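Descriptive structure summary
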Amino acid sequence: MTSAEHDIWWKSVPCCFKWDLETNVTWDIKGILNNLDSKLETLMESEWTDSACDLLLLRGYIEVSKFKGVQTDPQKGDEFFQKAENEAMKITNDPERKACITVAAANRLWILETTQADETATSKRRKELLRVLEQNWKDYLNEAHPNKIQTYIHTIAAFALSKQGPNKFEESKTRYKRAIELVGTGLVKSSWYHTLGLITSRQARSLGVTDGPYQGADEAIWYFEQALEIDPANDSARCDLANVLARDLTQVDRAKDLIREVKNTTCEIIIKKARFYRRIKDNESALCVLREGEKLQKPRSELFYQFALNYKDLTKNSRNVRENTKLEMEYLDKCLQLEPKHFRALLDKAFSFSRQHMYDRAGELYRFVIEEFPSPNDRVSSLYMYAGSLSFANNKRMNEDAARAYEDAVDIAISIISDGGGADGGGDWVWRGLLPKSKEQLTKYYQGIANGSEKLQELNEKLSRIGC
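Residues numbered from 1 in each chain as written. Predicted model: local features only at pLDDT ≥ 70, side-chain atom pairs only at ≥ 80, totals over all residues. Heavy atoms only, no water.

This next bit is on the overall build of the protein. Helix and strand counts for the protein come out as 22 helices and zero strands. Counting only residues that meet the buried cut, the protein has 54% of its 468 residues in that class. By sequence separation, contacts in the protein at least 24 residues apart represent 61% of the contacts at least 6 residues apart. Here the protein displays about 22700 Å² of accessible surface, and carbon together with sulfur accounts for 48% of that area. (Helix = DSSP H or I, 4+ residues; strand = E, 2+ residues; numbered from the N terminus. Buried < 20%, exposed > 50% of the residue type's maximum accessible area, 1.4 Å probe, protein only. Contact = heavy atoms within 4.5 Å. Areas by Shrake-Rupley, 256 points an atom, 1.4 Å probe, with all protein chains shown as cover.)

Have a look at this one:
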């Protein structure tokens, strides 16, 4: 086979560089990177009952993609693809193993072709990667059921798409459903149904649904139940099912029974159990579970963030406000020590400074977050909270800086809604919280300045265009 023929066939592999992933994303790409890295740090722990190939492949792709705000690093991307290839060798299911190796090898070859100018220096690696591809992809297509390897490649893509934000949720679900139809009885993985349930839940959250039952809840419950039917030991799915059920007051007892079955064996499970107890407003049980996670060899940053959230709740609901505020800040710092760019932890720390009347420190941190997290959904949250802090710092009176922050938040929120919405930013909280509150504050401010009537008219016209 000639080199030209090689170029023709390997580029037809349905691989990462062929997937229609979002590059100009509105979601927190840095948060996704931190989350993936945090989870991959526990690769050798007992929670990895399934292959980590999906995470490693997505992590490698992010390094060589054009995601806004991410510096490409082909060498680092190649390292992640190599790790995915090594991880795939442990998979016993033949078509699944070959699918993971195919995606990893094809992407390594793609990196070689697109970033290496010296063909002579890379010819040996190119030949080796082509050999691996032929063994795992091309030869497999000549077998009796060639669709199976392509089916597993579809699920790799589905996982990556599920991390891309609301605009990609439906495409991800379509790929998973297609894979379930094609792969055959007995080969459907619990993780596929589990992820379908998570995507369905996240679709509701992207609309701003934070409490109570939501449209699609029954669908999510069915997916989680299917995941548990295939693998009764899937405690992660059991926790996610319990969290959906807990939104319905008539299902809380069933949800509690499910949580009692869950063993506190891994950091991921402990975090999910704690989220459940916090959802039902049982902060003491949440903290009790989290303390077990604190004893783990490698507790994740998110575990410490959950501690902080529970102590924040207790500042509102107990007499010991000072002590709980101190503990909230301590755990936010522990979270940020492990994950310095944890977006929500940074915002919560700034908010806590503001609550403690430490407005200069709050403002400094808010400005850092606004600068560091430029994606629209992150920026709209940061600006809105910053505006509130500026107002409180001025004895709850609006000033020019607070008005400018509210104005910027409104403009970004309108842009997000006009573009179809996104995780958090285009959700229900914008309609019920950010926009009405911003309008209220800006109206008061405009009534006291020289050109206020023109500014107010301009604001109302903007909001009327989106039906607000």
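A word on the layout of surface pockets. Take a probe with the size of a water molecule and roll it over the atoms, and the empty space left behind shows itself. Estimates place the volume of the second largest pocket at around 270 Å³. Lining the second largest pocket are 15 residues; nearest its centre among them are Gly388, Ser389, Ser391, Phe392 and Tyr406. When residues in the lining of the second largest pocket are grouped by element, the largest group, six residues, is from helix α19 (residues 376-393). Residues of the lining of the second largest pocket, tallied by class, amount to seven nonpolar, five polar and three charged. (1 Å grid on protein atoms, 1.4 Å probe; cavity = no way out; pocket = protein on both sides within 12 Å on 5 of 7 lines; lining within 4 Å. Points joined across faces, edges and corners; volume = space filled by probe spheres on them. Nonpolar A, V, L, I, M, F, W, Y, C, P; charged D, E, K, R; others polar.)

Considering all chains together, one arrives at 33 salt bridges under this definition. A salt bridge links Lys312 to Asp348; the shortest N-O distance between them is 3.7 Å. In this pair, Lys312 sits in helix α15 (residues 301-317) while Asp348 sits in helix α17 (residues 343-355), placing the two residues 36 residues apart along the sequence. Since its relative accessible area comes to 6%, Asp348 is described here as buried. Here Asp333 ties to Lys349 by a salt bridge, and the two come within 2.7 Å at their closest N and O atoms. Residue Asp333 is found in helix α16 (residues 321-338), and its partner Lys349 is found in helix α17; the two are separated by 16 residues along the sequence. (Salt bridge = Lys/Arg side-chain N within 4 Å of Asp/Glu carboxyl O.)

You can see Glu170 is positioned in helix α8 (residues 169-183). The class for Glu170 is partly exposed, based on a relative accessible area of 46%. Considered as a pair, Glu170 and Ala158 are 12 residues apart in the sequence and their alpha carbons are 9.7 Å apart. There is a polar contact of 2.8 Å between the side chain of Glu170 and the side chain of Gln203. (Polar contact = N/O pair within 3.5 Å; in protein donor to acceptor, adjacent residues only side chain to side chain.)

Here we take up the environment of Ile271. By the secondary structure assignment, Ile271 is in helix α13 (residues 267-279). Remark: the alpha-carbon pair of Ile271 and Leu303, spanning 32 residues in sequence, is separated by 5.8 Å. Dropping the residues within four chain positions of it, Ile271 is found in contact with Glu302, Leu303 and Gln306.

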